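# Summary of structural features
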2 protein chains.
Amino acid sequence: MRRFVVVGHRAITSGDFKLDDLCGSAGRLDVLLRAINSSFFLSHDIRKDVELQLILLGEPEPPKTVRLVGSELKYLNPDERSTGALIRNALMKKAKGEERSSPGIYISNRSYKDVLSTIPKDTQFVYLKEDGKDIRDVKLSGDITFVLSDDQDLSAEEEEILMDYSPEKVSLGPISYHSDHCILVVNNEMDRRIR
Amino acid sequence: MRRFVVVGHRAITSGDFKLDDLCGSAGRLDVLLRAINSSFFLSHDIRKDVELQLILLGEPEPPKTVRLVGSELKYLNPDERSTGALIRNALMKKAKGEERSSPGIYISNRSYKDVLSTIPKDTQFVYLKEDGKDIRDVKLSGDITFVLSDDQDLSAEEEEILMDYSPEKVSLGPISYHSDHCILVVNNEMDRRIR
């Protein structure tokens, strides 16, 4: 299993937003929607071996976690607007435990710490960070979890929580990219390792 | 200069479309909008050494070409909707020769053949194609032009026109990706070569 965990520091935690304004009133939810696109889409397929967890920390009810499971996903299209509608539907649910919103999309009130604790212990944790070791020189396991942030860095506290999992710090090249672009570069590298 | 040429076979050639329906009535313009995002965005910057030409071949007035120049671009945001608005503004202009629509965005009625003929002869032409040589094993020049298609392959005729420029066929790995994802993988590879 290939997992991505993305922290959306200001991303809205209710379904009360307009699909016409995903960048503004939705707390840069657009960043997370693009992360969905780059996690799952292949030319004529959806990646079935990928799981993506989006951790939403914006108002009004943080935290919320949206978990997307590639092997179950349906109704996902590559554009931001229709993906935004799927996530809005999920955010409209009262999530106490984890609840299914649509095929392959689950919503819960798990925190970042909760999410990391639910990931199987035998996975390889990777922290995507500019000062890490070049991904091309790193051994990558088949069961692997990449943790990254939205357009803001992980906070000191979030970084400390991650350190409990002894992640390897990994970089993707000499230039710093958007989160969704990072996921794509990772997917390409993983595709090359596996086949 | 790093150039990308992307052919949008059904992309609408007038400004008469809704920003709420970029995938449907705009002839999969969404594919080209994502190509803009992946061509230009860095974490906190716009790539100034990139030029992107989008060739629109859909109704009602094909062909139209939108040329985006990284060193001049302003008002570009990463989301699909606002980028769609910039392209719609360009398509509302009567383009006989090439005309500037907004900073860094030009519109013309150039065809695919015209566009290739305007690119400096001393550039290295690369045709992104699944059966090509792995990009990691290919010598890449600083002045380079990557030609790719939208969600449909280049037609036999388009491929023949490209062959006049003796392009190198290059692939990006074992799996076939969306056009915007291809551009990202290319940008990462180029970033690694240059720095």
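Everything here concerns the structure above.
Model, not experiment: these values are computed from the prediction. (Residues numbered from 1 in each chain as written. Chains lettered and ligands numbered in written order. Predicted model: local features only at pLDDT ≥ 70, side-chain atom pairs only at ≥ 80, totals over all residues. Heavy atoms only, no water.)

## Brief notes about the sheet that holds strand β8 (residues 124-134) of chain A
Remark on secondary structure: sheet strands pair via backbone hydrogen bonds, oriented parallel or antiparallel. Residues and elements named next belong to chain A. Put simply, the rule is: Pairing between two strands is assigned when DSSP locates at least 2 bridges connecting them. Every helix listed is a DSSP run of H or I at least four residues long, and every strand listed is a run of E at least two residues long, numbered separately from the N terminus. Throughout, an axis means a line fitted to C-alpha atoms (over the contacting stretch in the case of helices), and angles, computed between N-to-C directions, take values from 0 to 180 degrees. In this description, contact between two residues means that some pair of their heavy atoms is separated by no more than 4.5 Å.
Taking strand neighbours across the sheet as the criterion, the 8 strands line up as β6-β7-β5-β4-β1-β9-β8-β10 in an open arrangement whose pairing is mixed. The open sheet has two free edges, formed respectively by β6 (99-102) and β10 (168-171), since each of these has just one partner strand. In this sheet, neighbouring strand axes are inclined to one another by 30° on average, regardless of whether the strands run parallel or antiparallel. Examined bridge by bridge, β6 and strand β7 (residues 105-108) share 3 bridges and lie antiparallel to one another. Paired with Glu-99 across the bridge in β7 is Ile-107. Together, β1 (2-8), β4 (50-56), β8 and β9 (144-149) form the strand contacts of helix α5 (residues 179-194), whose direction differs from that of β1 by roughly 170°.

## Topic: the interface of chain A and chain B
Test applied: Accessible surface is computed with a 1.4 Å probe, and the buried area is the amount of it that two parts give up when combined, taken over both parts together. Salt bridges are defined as contacts in which a side-chain nitrogen from Lys or Arg sits within 4 Å of a carboxyl oxygen from Asp or Glu. Throughout this description, a polar contact denotes any pair of N or O atoms lying within 3.5 Å of each other; where both atoms belong to protein, one of them has to be capable of donating a hydrogen while the other can accept it, and for residues adjacent in sequence the pair is counted only when both atoms sit in side chains. Side-chain classes are defined by residue name, with Ala, Val, Leu, Ile, Met, Phe, Trp, Tyr, Cys and Pro counting as nonpolar, Asp, Glu, Lys and Arg as charged, and the others, Gly among them, as polar.
Between chain A and chain B, the residue contacts involve 37 residues of the former and 37 residues of the latter. Taken over both partners, the interface formed by chain A and chain B buries close to 3,200 Å², and the fraction arising from carbon and sulfur atoms is 52%. Considering only the side of chain A, the residues that lose the most area to chain B are Arg-136, His-181 and Arg-192 of chain A, jointly responsible for 19% of the buried surface there. Counting every contact that joins chain A to chain B gives 6 salt bridges. At the boundary of chain A with chain B, the tally comes to 22 residue pairs in polar contact (both at pLDDT 80 or more). Of the residues forming the side of chain A that touches chain B, the biggest block, 9 residues, is contributed by α5 of chain A. For the side of chain A that touches chain B, the class distribution of residues is 11 nonpolar, 10 polar and 16 charged.

## Quick notes on the relation of the copies chain A and chain B
Copies of the same chain, two in number, are related to each other by a rotation about an axis and a translation along it. Keep this limit in mind: Alignment of the copies relies on least squares applied to C-alpha atoms, considering only residues that score at least 70 for pLDDT in both.
Superposing chain A onto chain B takes a rotation of 180° combined with a translation of 0.0 Å along the rotation axis, leaving an RMSD of 0.0 Å. The operation mapping one copy onto its partner corresponds to a two-fold rotation axis. Looking at the rotation axis and the C-alpha trace of chain A, the residue lying nearest is Val-185 of chain A, at 3.1 Å.

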